[in-house]
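Breakdown of the fold
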Amino acid sequence: MAPRGPETVREPMRREIVIANPQGLHMRPAAAFAELAGRFESSVIVFRDEAQPVDGKNWLELLLLAAEPGTKLTVEVAGADAADALDALAEILASPTPPGEEGAAQE
Amino acid sequence: MCRMSEFVVREAIVPELAETTKEGVIREMVRSLQGTGLFTGCDLDEIVRAIMRREQLGSTGIGRNIAIPHAKHDGVEKLVGTIALSKKGVPFDSIDGQQVFVLVLLISPKDRPGDHLRALENVVRSMRNDDLVRELRQAQTRDDVWNLLQRDTPAADKS
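Notes on the structure in this doc start here. (Residues numbered from 1 in each chain as written. Chains lettered and ligands numbered in written order. Predicted model: local features only at pLDDT ≥ 70, side-chain atom pairs only at ≥ 80, totals over all residues. Heavy atoms only, no water.)

A short note on the nonpolar core
- One finds A:Leu25, A:Phe33, A:Leu62, B:Met4, B:Ile83, B:Met127 and B:Leu136 to be the most contacted residues of the largest nonpolar core, which totals 57 residues.
- Each residue touching A:Leu25, except ones within four places of it in the same chain, is listed here: A:Ile19, A:Ala30, A:Leu62, A:Leu63, A:Leu65, A:Ala67, A:Leu73, A:Leu93 and B:Leu117.
- One finds B:Val25, B:Leu33, B:Ile51 and B:Ala84 within the second-largest nonpolar core, a separate group that totals 28 residues. (Core = buried A, V, L, I, M, F, W, Y, C linked by side-chain atoms within 4.5 Å. Buried < 20%, exposed > 50% of the residue type's maximum accessible area, 1.4 Å probe, protein only. Contact = heavy atoms within 4.5 Å.)

Structural notes on the pattern of salt bridges
- Applying the stated rule across the entire model yields 16 salt bridges over all chains.
- With a shortest N-O distance of 2.9 Å, A:Asp87 and A:Arg15 are connected by a salt bridge. Of this pair, A:Asp87 sits in helix 3 (residues 82-94) while A:Arg15 sits in strand 1 (residues 13-18); the two residues are 72 residues apart in sequence, bridging distant segments of the chain.
- We classify A:Arg15 as partly exposed; its relative accessible area is 32%.
- In this structure, B:Arg151 engages B:Glu135 in a salt bridge whose closest nitrogen and oxygen atoms are separated by 3.1 Å. You can see B:Arg151 sitting in helix 5 (residues 142-151) and its partner B:Glu135 sitting in helix 4 (residues 130-138), a full 16 residues away along the chain.
- In this structure B:Arg151 comes out as partly exposed when scored by relative accessible area, which is 46%.
- Members of the salt-bridge network, linked through shared partners, are A:Glu68, B:Arg112, B:Asp115 and B:Arg118. (Salt bridge = Lys/Arg side-chain N within 4 Å of Asp/Glu carboxyl O. Helix = DSSP H or I, 4+ residues; strand = E, 2+ residues; numbered from the N terminus.)

Regarding unusual backbone geometry
- Here the phi dihedral of A:Ala66 falls at roughly 45°; this positive angle occurs in a residue that is not glycine.
- Secondary-structure assignment places A:Ala66 in the loop between helix 2 (59-63) and strand 4 (72-78).
- For B:Arg64, which is not glycine, the phi torsion reads 55° and is therefore positive.
- Structurally, B:Arg64 is set in the loop between strand 1 (61-63) and strand 2 (66-67).

Section: the packing of helix 1 (residues 27-38) of chain A against helix 3 of chain A
Residues and elements named next belong to chain A.
- Following both chains from N to C, one finds helix 1 and helix 3 inclined at 175°, their axes separated by 10 Å at the closest point. In terms of orientation, helix 1 lies roughly antiparallel with respect to helix 3. For the pair helix 1 and helix 3, contact is made by Ala-32, Phe-33, Leu-36 and Ala-37 and by Ala-88, Leu-89, Ile-92 and Leu-93, respectively.
- For the contact of helix 1 with helix 3, the residue count by class is 8 nonpolar, no polar and no charged. (Axes fitted to C-alpha atoms, helices over the stretch in contact; angles between N-to-C directions. Parallel < 35°, antiparallel > 145°, perpendicular 65-115°, else oblique. Nonpolar A, V, L, I, M, F, W, Y, C, P; charged D, E, K, R; others polar.)

A word on the environment of B:Glu135
All names here are of chain B.
- Judged by its relative accessible area of 29%, Glu-135 falls in the partly exposed class.
- Along the chain, Glu-135 and Asp-111 lie 24 residues apart, while their C-alpha atoms are 35 Å from each other.
- If we ignore the near neighbours within four places in the chain, the residues touching Glu-135 are Leu-148 and Arg-151.

Observations regarding the interface of chain B and chain A
- Each partner contributes to the interface: chain B provides 21 residues, whereas chain A provides 20 residues.
- Looking only at chain B, the three residues that lose the most surface to chain A are B:Leu57, B:Lys72 and B:Leu117, adding up to 28% of its buried area.
- Across the contact surface, chain B and chain A share 1 salt bridge.
- Counting across the chain B and chain A interface gives 2 residue pairs in polar contact (both at pLDDT 80 or more).
- Broken down by element, the side of chain B that touches chain A gets its largest block of residues, 9 residues, from helix 3 (residues 113-127) of chain B.
- Residue composition of the side of chain B that touches chain A, grouped by class: 9 nonpolar, 4 polar and 8 charged. (Buried area = accessible area lost by both parts, 1.4 Å probe. Polar contact = N/O pair within 3.5 Å; in protein donor to acceptor, adjacent residues only side chain to side chain.)

A look at the environment of A:Ala90
- Relative to the helices and strands, A:Ala90 is located in helix 3.
- For the pair formed by A:Ala90 and A:Val75, sequence separation is 15 residues and the distance between their alpha carbons is 7.5 Å.

Some words on the sheet that holds strand 4 of chain A
All names here are of chain A.
- Taken in spatial order, the 4 strands make up an open sheet running 1-4-2-3, and their pairing is antiparallel. Taken across any chain shown, the strands that pair with only one partner, and hence form the sheet edges, are strand 1 and strand 3 (54-55).
- In the sheet, strand 2 (residues 43-47) pairs with strand 3 via 2 bridges, with the strands oriented antiparallel. Of the residues in strand 3, the one forming a bridge with Val-46 is Val-54.
- Lying on the sheet, helix 3 is in contact with strand 1, strand 2 and strand 4; it crosses strand 1 at an angle near 10°. (Pairing = 2+ DSSP bridges.)

Interpretation in functional terms is not warranted from these geometric data alone.
Now the structure itself:
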């Protein structure tokens, strides 16, 4: 296990993602993203505009982004498991059908 | 869209819900919206079913005694909403297990995801204000509720 603590602060990792869900980042995909983010030790922030980041582990804050389909969002993670977190979170955010939405009627 | 009063239909506000079950309050709210003549062409039950189907995918009870039941339905031409208050509390399977006292119900056309997302943002942003939630819960009349919504300017709290 990698050493932890302030002396091993890592550079945050970022990735820009385009929202592919045809309904945008609405309640259920926001909840799924936050739930996944919460499984990682790393901090997760999401923003459209760098000046207004939201906590990626808080689904209600994610709703404040009002991200329509096609919106570019940046995910920034920092911590020991940042690389894994970024891959997983980018995948769920870019997916047209995030978990829980497969085959679901349009809400 | 920056104020709840831009999509909440004033005449459809329910200052004191009579119903006390999840489906009951949803039906009461949809009926109140229907009473304003907004979706005369379509069936009340159909919209209630759409909202209940959405609830089955995961409760829209967001915690802190607030719920945002919603559905997309082409019976409306633009996004419409109403707000209702329960004095008794409604079991809603909320994320924090608490009963719901403040409900904002949204119905939007299927092809307008942006309007729905902006309305959701607006409700969530407004409801972060504990003072507003407390004052809504104390409101007695439709006008009380409307005045609180008009006063609320969530765009100003982006600090």
